[in-house]
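# Geometric and topological summary
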Amino acid sequence: MNYSDLTPREVRAIIRDGRMTGPTAGLCPGYAQANLVVLPRELAYDFLLFTQRNPKSCPILEVSDTGSRLLHTIADGADIARDIPRYRIYRDGELDGEYTDVSDFWRDDFVSFLIGCSFSFEAALLEANVPVRHIEEGCNVPMYKTSIPCTPAGVFHGNMVVSMRPVPYELIPKAVLITGEMPRVHGAPVHIGAPEAIGIKDLYHPDFGDMVMIRDGEVPVFWPCGVTPQNVVMESRPAFAITHAPGHMLITDVRNTELKY
């Protein structure tokens, strides 16, 4: 089925029914996608402060009411516990499992944070004839843990995660300008080339997602990634947290053009 021709609401309904559980890159072109972090209310202020201190990797799109599974601003009526293709459960910072529905884990003290995703600027790159390799290859974007420290807040600390897209050398200025206009979905790259300079030891074995082909004349370009909070959860070790599985996002009703400056 060609999900890319459906509206975000229609795709979310398919996901809620369990009929689609794969990565969401390339779905609903022109609409923003969002990362998810769910935490107990006692940790919510610390995490909100963390996002404010690290806006490039954690740009907030919406924060839920305490205990509510429903969104009101970026995807009216979306069910946080069922409308993402795949979730992760962390206990004391350790991955405890992946699920397609987290309703059974829901608690009345949960607060959900929806964070901008770099998938959202990929339609603009494609419109400008900047290739997006993981969409071409039908796989997940490669993501890497780095040595770039985030600014800590309360109990939360850790390093940035980046996503990588190979870009032809002559198109790098265009890619930087296009993505730099969209700071609410991570904005401009944080690093270009030389992966070892940001602590990436093996470019061909990403920490999350899938590796893609880097062709002659292309340079690896790295953007801040919304999987950063998962790395922070693993470092900070809260007793319980729910996130999206990397690359499996909430598709919102917000058009990418609304997230420009």
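Structural notes, computed from the coordinates. What you are looking at is a predicted structure, and each value in this text was computed from that prediction instead of being measured. Every residue gets a number counted from 1 within its own chain, in the order that chain's sequence is written. Given that the model is predicted, a residue must reach a pLDDT of at least 70 before its local features are reported, and side-chain atom pairs must reach 80 or more before they are shown or counted; all residues, however, enter totals for whole chains, interfaces and linings. Where side-chain values are given, they derive from all heavy atoms of the structure, hydrogens and water being excluded.

## Looking at the packing of aromatic side chains
Within 6.5 Å between ring centres, the rings of Phe, Tyr and Trp (the latter by its six-membered ring) count as paired, and their orientation is classed by plane angle as stacked under 30 degrees, edge-to-face over 60, tilted in between. Using the criterion set out here, one finds eight aromatic pairs in the structure. When the centroid spacing of 5.3 Å and the interplanar angle of 90° are considered together, the rings of Trp106 and Phe110 count as edge-to-face. Type-normalised accessible area, obtained with a 1.4 Å probe on protein chains alone, sets the label of each residue: buried when under 20%, exposed when over 50%, and partly exposed for intermediate values. Since its relative accessible area comes to 15%, Trp106 is described here as buried. Residue Phe110 is classed as buried on the basis of its relative accessible area of 0%. When the ring of Tyr144 is compared with that of Phe222, the centres are 6.2 Å apart and the planes differ by 75°; the resulting orientation is edge-to-face. On the criterion of sequence distance, the pair formed by Tyr144 in strand E6 (residues 143–149) and Phe222 in strand E9 (residues 218–224) is long-range, its members being 78 residues apart. Classification of Phe222 as buried rests on a relative accessible area of 0%. Through a chain of ring-to-ring contacts, three or more aromatic side chains come together here, namely Phe47, Phe50, Phe113 and Phe156. What counts as a helix is a DSSP run of H or I of at least four residues, what counts as a strand is a run of E of at least two, and both are numbered from the N terminus.

## Some thoughts on the side chain of Ser163
Note that Ser163 resides in strand E7 (residues 159–168). The term polar contact refers here to a pair of N or O atoms within 3.5 Å; inside protein, the definition further demands a hydrogen-donor-capable atom paired with an acceptor-capable atom, and it admits residues adjacent in sequence only when both atoms are side-chain atoms. Of the polar contacts made by the side chain of Ser163, one reaches the side chain of Arg165; its length is 2.8 Å. Should any heavy atoms of two residues lie within 4.5 Å, those residues are considered in contact. Those residues in contact with Ser163 that lie beyond four places of it in its chain are Ser118, Val141, Pro142, Met143, Val221, Phe222, Trp223, Pro224 and Cys225.

## Notes on helix H5 (residues 172–180)
Along H5, the positions that sit buried rather than exposed are Ile172, Ala175, Ile178, Thr179 and Gly180. Where H5 is buried, its residues touch helix H3 (122–127), E7, strand E8 (191–192) and E9.

## Let's talk about the environment of Val130
Residue placement: Val130 occurs in the loop between H3 and helix H4 (133–137). Along the backbone, Val130 and Ile198 are 68 residues apart, and their C-alpha atoms lie at a distance of 24 Å. Val130 has contacts with Leu125, Val167, Leu171, Lys174 and Ala175, leaving out every residue within four places of it along the chain.

## Some words on the pattern of salt bridges
Salt-bridge detection follows one rule: a side-chain nitrogen of Lys or Arg within 4 Å of a carboxyl oxygen of Asp or Glu. Counted under the stated rule, the structure contains 14 salt bridges. The salt bridge partner of Glu98 is Arg86, with a shortest N-O separation of 4.0 Å. Here Glu98, found in strand E4 (residues 94–99), pairs with Arg86, found in the loop between strand E2 (60–63) and strand E3 (87–91); they are twelve residues apart in sequence, far enough to count as distant. Salt-bridge contacts for Asp96 lead to Arg91; the nearest nitrogen and oxygen are separated by 2.9 Å. Through salt bridges that share partners, Arg133, Glu136, Arg215 and Glu218 make up one connected network.

## Points about the nonpolar core
In a soluble, globular protein the nonpolar side chains are often hidden away together inside. For our purposes a nonpolar core is just a set of buried Ala, Val, Leu, Ile, Met, Phe, Trp, Tyr and Cys residues, chained together by side-chain atoms within 4.5 Å. The biggest cluster of nonpolar side chains holds 38 residues, and the ones touching the most others in it are Leu71, Ile74, Val167, Ile242 and Leu250. At the level of elements, strand E1 (31–40), E3, strand E5 (110–116), H5, E9, strand E10 (240–244) and strand E11 (250–255) are the ones that each hand at least two residues to this core. In terms of residue count, E1 provides more of this core than any other element does, four residues in total. Not counting residues within four places of it along the chain, the set of residues in contact with Leu250 comprises Arg12, Ala32, Gln33, Ala34, Leu71, Ile74, Ala75, Ala78, Asp83, Ile84 and Leu114. With 28 residues, the next largest nonpolar core counts Tyr90, Phe113, Val162 and Val232 among its residues.

## Quick notes on the pairing of E3
Counting buried positions over the five residues of E3 gives four, a clear majority of the element. Pairing between strands is defined by DSSP: at least two bridges between them are needed. Sheet topology places E3 next to E4; five bridges connect them, and they run antiparallel. Note that in E4 the partner of Tyr90 across the bridge is Leu95. Pairing of E3 with E10 involves five bridges; the strand directions are antiparallel. By the bridge assignment for E10, Arg88 is matched with Thr243.

## Section: unusual backbone geometry
In this structure, Asn129 is a non-glycine residue whose phi angle is positive, near 65°. Mapped onto the fold, Asn129 is located in the loop between H3 and H4. Accessibility expressed as a relative area gives 65% for Asn129, which makes it exposed. Unusually for a residue other than glycine, Ala194 sits at a positive phi of about 40°. When you line up the elements, Ala194 lands in the loop between E8 and E9.

## Considerations on the side chain of Glu122
Secondary-structure assignment places Glu122 in helix H3. Given a relative accessible area of 1%, Glu122 falls into the buried group. Within polar-contact distance, the side chain of Glu122 engages the side chain of Arg165 at 3.0 Å. Discounting chain neighbours no more than four positions away, the residues touching Glu122 are Ala25, Val132, His134, Ile135 and Arg165.

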